[in-house]
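# Descriptive structure summary
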Amino acid sequence: VVSFTDLSLDVQGRHSLAFTLHSPGGTPLHTLSQALTVVPGPAYKVGVARSPGGNPTCGDVLLVQPAVQVLDRGGNPSDGGATVEITASGLNGVPVLGTASVSVTGGGGAGVSFVGIALGGLGEAVIVRFSSAGLLHADSAPVRVAAGAPSRLQVYRQPAGARTGRMFAQQPRVQVVDACGNLAPSVQVTVTASVKVFAVRSSLISGIDLQGQLSLQTAAGWANYTTLRLDVATIYSTLEFTATMLGSASSVSFSIAASAPAAACEVQVSFASACGSGVDRPTFLQVAAAPTQAVSNETMATTARVVLRSLDGLILSDAAGTVLASVVTSSGAPGGTLYGGRATMANGVAEFPDLRIVEVGLAIRLRFRFGDEVADSDAFNVISGDAASLSPPSPPRQVVVGDTIPTLELSVRDAGGNLAINGATRCTSVSMSAYIRAVVPPYTWASATISGGNTSLITSGIASFPGLSIRLPGSYRLSFQCADAAGASSPTPPALAHFDGLPYGLPARVEIVSEAGGVVAEHLAGAALQLYRISARPVVRLVDSLGNQVYGFQGHFGAEKQPGGAAEVLVGAGNLITQRAEWGQADLESLIQVTGTSLVNGSFALQFLSSCCSILSASPKFPGVPLIISAIPSSLAVALPAASVKSGESFTVQVTILTPGGAVAAESYQGSVSIALVASGGASSDVTLAGITQRFARGGVVLFAGLTVSSPGTFEMRVSATVPGLQAAPLRTGVALPVSLGPA
């Protein structure tokens with residue numbers, strides 16, 4: 001028995017192992033193992049699927065971008081797994097420019113390519129190394145990287161040793177380079193020199209012309225200046241060199257020293273001298289004092305002061321004239337409105353005690369000008385002042401009753417008209433009062449109630465009143481008043497706003513003003529009752545969400561039988577009553593048909609709808625109360641008091657409306673019942689029946705209470721009741737009413 005250990009296969013696929021037995025003097029014996037399936041192994045090393053190429057030049061994007069993959073021990077793309085980050089780096093100090101890493105998931109297939117990378121150094125055999133944490137790295141094939149195309153200018157030698165009126169002791173030397181900074185000798189361009197910065201301090205930039213031969217043609221990539229000079233002394237000076245298609249390059253900052261005969265001047269500093277009178281020497285304007293912060297439209301707490309000095313630092317006491325001040329931003333653009341910006345220079349000094357800036361701003365500078373001399377202060381902020389006014393809100397011109405008014409916003413402004421966001425102590429909150437004007441002369445204003453909050457705290461200079469609404473139509477005036485932190489009224493003037501309140505908003509539903517009365521028979525048709533009428537017509541109207549009637553609606557209302565009622569009942573033609581609206585309201589009248597047997601004392605209910613504004617789809621039906629079906633009233637029953645009626649004392653009479661069978665008319669019957677007293681049997685003709693003698697009967701019964709008769713005697717009480725429907729004649733009856741003499 002022979003055992004083999006530590007075997008491995010480097011190639012994926014199906015393979016068999018071949019075994020051969022060699023015995024001395026015998027014939028070799030062979031056999032094959034069963035087929036083995038070799039699958040990718042786990043990630044082990046980085047593989048280079050494609051090396052960088054395409055004749056690369058330094059700093060330029062590679063035409064052939066490298067591609068990498070993750071391999072197993074056998075050099076096959078590894079099995080699926082986590083995503084790894086592979087980074088490219090150049091050997092021997094050659095940088096890789098651009099996005100120098102890619103993400104590879106699993107083995108990466110045929111390779112994942114880098115995008116937009118370049119090589120930042122020259123070399124005959126530049127090698128790029130690809131590495132990832134936990135994996136063996138891989139190197140690309142060597143590639144030659146040549147110098148690139150001309151890309152920019154570079155100051156090789158800086159100017160130095162400058163004095164006024166003399167050529168710089170060290171003249172600048174400029175070269176044309178590729179993207180990597182390598183000399184590009186093959187191109188010829190014209191390089192032009194100019195002054196970029198000329199100032200007595202780094203924050204102040206003035207203009208001056210550079211002297212000498214400013215434009216040079218490059219030779220082998222070089223522009224060598226020999227005659228440049230500046231004729232005015234200064235502390236900070238920077239040169240700029242430009243060429244077409246190559247942009248610009250700047251020198252380092254250097255100073256220009258004043259030139260003077262050695263016998264006449266004593267040199268005090270390296271860049272200036274004290275020779276001659278002040279007016280003959282180079283000078284500059286200096287800001288000696290300036291505010292570190294200012295409040296909008298308020299006189300600055302710090303008095304600004306400027307002085308005129310020579311470059312050796314002496315104040316020119318014989319200088320006089322007018323100094324002007326203005327406001328500029330950090331970029332030098334105009335920065336606002338300045339008051340008090342004119343001062344007289346005396347003995348070389350000018351002061352500005354009344355400066356104030358109207359607008360707020362950040363990084364604001366004061367710019368002072370004296371003749372050709374200019375000086376800027378250090379940057380400071382102008383903050384808002386205390387509250388001086390309230391900017392009124394802008395409500396809609398018309399507001400619908402019940403609708404939410406768009407949020408009203410008031411801005412608190414300082415004296416300069418800026419938003420007061422920096423501690424406006426005079427206005428920490430705003431309260432609102434509402435007034436409504438009468439609709440009849442003299443049209444006086446009265447206090448009104450508006451739903452929603454009536455007080456708002458100031459936040460970032462803004463007072464907000466959200467969620468307001470009115471409940472009554474009319475002309476409104478809103479008054480807004482500031483209050484300080486203690487709640488006391490502020491001297492800040494109030495702000496006013498006006499709007500008109502419309503009487504109704506968007507239609508929301510049909511509202512039942514008056515429910516329908518009972519249903520009573522119109523006439524008899526054989527043994528069955530066939531035709532009925534609503535005894536009291538229902539009144540409906542269209543209202544908004546708060547119940548305000550929509551008077552402008554002129555469409556139609558409808559009524560129909562609610563589902564689930566008696567199948568024999570048919571309301572109107574096609575089971576629908578319609579009535580045109582007047583001022584958003586209508587009363588409905590219709591015959592109710594009953595097919596089949598009598599439904600006397602049965603019930604059903606109506607539901608109401610409107611043709612307005614898609615209400616049918618949004619909220620289609622509005623139910624009414626159940627209606628009782630009654631037979632035709634046929635007679636009246638009068639019930640007098642059980643005890644005798646005495647003159648001058650009150651008594652009660654009950655009248656009942658009866659159907660042909662002698663039953664009380666159905667509960668929903670409604671009609672008008674009246675009583676009267678007439679003389680009979682020799683009673684006094686001037687008898688008086690006092691009390692309410694006409695009432696509306698509901699449910700077939702009516703009580704006449706509190707009646708009195710003025711004189712004793714025998715009388716007849718006559719009763720009549722209207723009958724709804726086609727029978728025009730009312731029901732009538734009479735009963736004898738004896739009245740005895742009342743007590744003393």
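Reference entry: report on the structure contained in this document. (Residues numbered from 1 in each chain as written. Predicted model: local features only at pLDDT ≥ 70, side-chain atom pairs only at ≥ 80, totals over all residues. Heavy atoms only, no water.)

Along the chain, the regular secondary structure elements total 1 helix and 68 strands. Looking at the chain as a whole, 40% of its 744 residues qualify as buried. The long-range fraction of contacts in the chain, counting pairs at least 24 apart against all pairs at least 6 apart in sequence, stands at 63%. Summed over all atoms, the accessible surface of the chain reaches about 36800 Å², with 53% contributed by carbon and sulfur. (Helix = DSSP H or I, 4+ residues; strand = E, 2+ residues; numbered from the N terminus. Buried < 20%, exposed > 50% of the residue type's maximum accessible area, 1.4 Å probe, protein only. Contact = heavy atoms within 4.5 Å. Areas by Shrake-Rupley, 256 points an atom, 1.4 Å probe, with all protein chains shown as cover.)

The next point concerns unusual backbone geometry. We note that A220 has phi near 55 degrees; this positive angle belongs to a residue other than glycine. Here A220 lies in the loop between strand 20 (215-217) and strand 21 (222-224). With a phi close to 50 degrees, S460 is a non-glycine residue in the positive phi region. Among the structural elements, S460 can be located in the loop between strand 44 (455-457) and strand 45 (462-465). In this structure S460 comes out as exposed when scored by relative accessible area, which is 54%.

Before going further, it helps to examine the sheet that holds strand 16 (residues 152-157). Strand order in the open sheet formed by 3 strands is 16-18-21, and the pairing between neighbours is antiparallel. The two strands at the open ends of the sheet, each matched to only one other strand, are strand 16 and strand 21. Between one strand axis and the next, the sheet turns through 25 degrees on average, direction left out of account. Relative to strand 21, strand 18 (residues 173-177) runs antiparallel, the two being bridged by 3 bridges. Residue pairing across strands places Q175 opposite W222, the latter belonging to strand 21. (Pairing = 2+ DSSP bridges. Axes fitted to C-alpha atoms, helices over the stretch in contact; angles between N-to-C directions.)

To continue, consider the state of the cysteines. Summed over all chains, the structure comprises 2 disulfides. Residue pairing for C58: its cysteine sulfur links by disulfide to C180, the two sulfurs lying 1.8 Å apart. Here the disulfide of C58 and C180 is left-handed, its torsion about the S-S bond being about -115 degrees. With C58 in the loop between strand 5 (45-50) and strand 6 (67-71) and C180 in the loop between strand 18 and strand 19 (190-199), this residue pair connects regions lying 122 residues apart in the sequence. (Disulfide = S-S within 2.5 Å.)

What follows covers the sheet that holds strand 49 (residues 509-514). Read from one edge of the open sheet, 3 strands run 49-52-56, paired in antiparallel fashion. Edge strands, defined here as strands with exactly one partner in the open sheet, are strand 49 and strand 56 (585-587). Taking the axes of each pair of neighbouring strands and ignoring which way they run, one obtains an average angle of 25 degrees across the sheet. Here strand 52 (residues 539-543) pairs with strand 56 via 3 bridges, running antiparallel. By the bridge assignment for strand 56, R541 is matched with Q585.

Attention now moves to a nonpolar patch on the surface. The grouping of V2, F4, L7 and F19 at the surface amounts to a nonpolar patch, some 430 Å² of accessible area in total. Residue V2 is classed as exposed on the basis of its relative accessible area of 65%. (Patch = residues over 30% accessible without salt bridge, like charges linked within 9 Å, V, L, I, M, F, W, Y side chains within 5 Å. Salt bridge = Lys/Arg side-chain N within 4 Å of Asp/Glu carboxyl O.)

The next subject is the packing of aromatic side chains. Enumeration according to the criterion identifies 10 aromatic pairs in this entry. A centroid spacing of 5.0 Å and a plane angle of 85 degrees characterise the contact between Y156 and W222, whose relative ring orientation is edge-to-face. You can see Y156 sitting in strand 16 and its partner W222 sitting in strand 21, a full 66 residues away along the chain. Seen from their ring centres, Y225 and F241 are 5.5 Å apart, and the 45 degrees between their planes marks the pair as tilted. Remark: F241 occurs in strand 22 (residues 234-243) and Y225 occurs in the loop between strand 21 and strand 22; sequence separation between them is 16 residues. Neither Y225 nor F241 differs from the other in exposure class; each is buried. For the cation-ring pair, R356 lies above Y339, with the distance from its terminal atom to the ring centre recorded as 4.4 Å. The cationic tip of R477 hangs over the ring face of Y435; the distance from NZ or CZ to the ring centre is 5.3 Å. (Phe/Tyr/Trp six-rings, centres within 6.5 Å; stacked < 30°, edge-to-face > 60°. Lys NZ or Arg CZ within 6 Å of the ring centre and 35° of its normal.)

Attention now goes to the nonpolar core. For soluble globular proteins, the rule of thumb is that nonpolar side chains tend to be buried together. Membership of the largest hydrophobic core comes to 28 residues, with the highest contact counts inside it found for L390, V430, I450, F465, L478, F480 and F499. With sequence-adjacent residues up to four places away left out, V430 is seen in contact with L390, N454, T455, S456, I458, A463, F465, F480, Q481 and C482. (Core = buried A, V, L, I, M, F, W, Y, C linked by side-chain atoms within 4.5 Å.)

To continue, consider the environment of P626. Position of P626 relative to the elements: it lies in strand 59 (residues 622-630). Apart from residues no more than four positions distant in its own chain, P626 is found in contact with F604 and A605.

With that out of the way, let us pick up the pattern of salt bridges. Two side chains carrying opposite charge are able to pair once their charged atoms lie near each other. Tallied over the full model, the rule gives 8 salt bridges. A salt bridge links R541 to E511, with the shortest nitrogen-to-oxygen separation between them at 2.7 Å. A residue pair is termed long-range when its members are at least 10 positions apart, and R541 in strand 52 and E511 in strand 49 qualify at 30 residues. As a salt-bridge pair, E716 and R718 come within 3.5 Å of each other at their nearest N and O atoms. When its relative accessible area of 26% is taken as the criterion, E716 is described as partly exposed. Assessed through its relative accessible area of 45%, R718 is described here as partly exposed.

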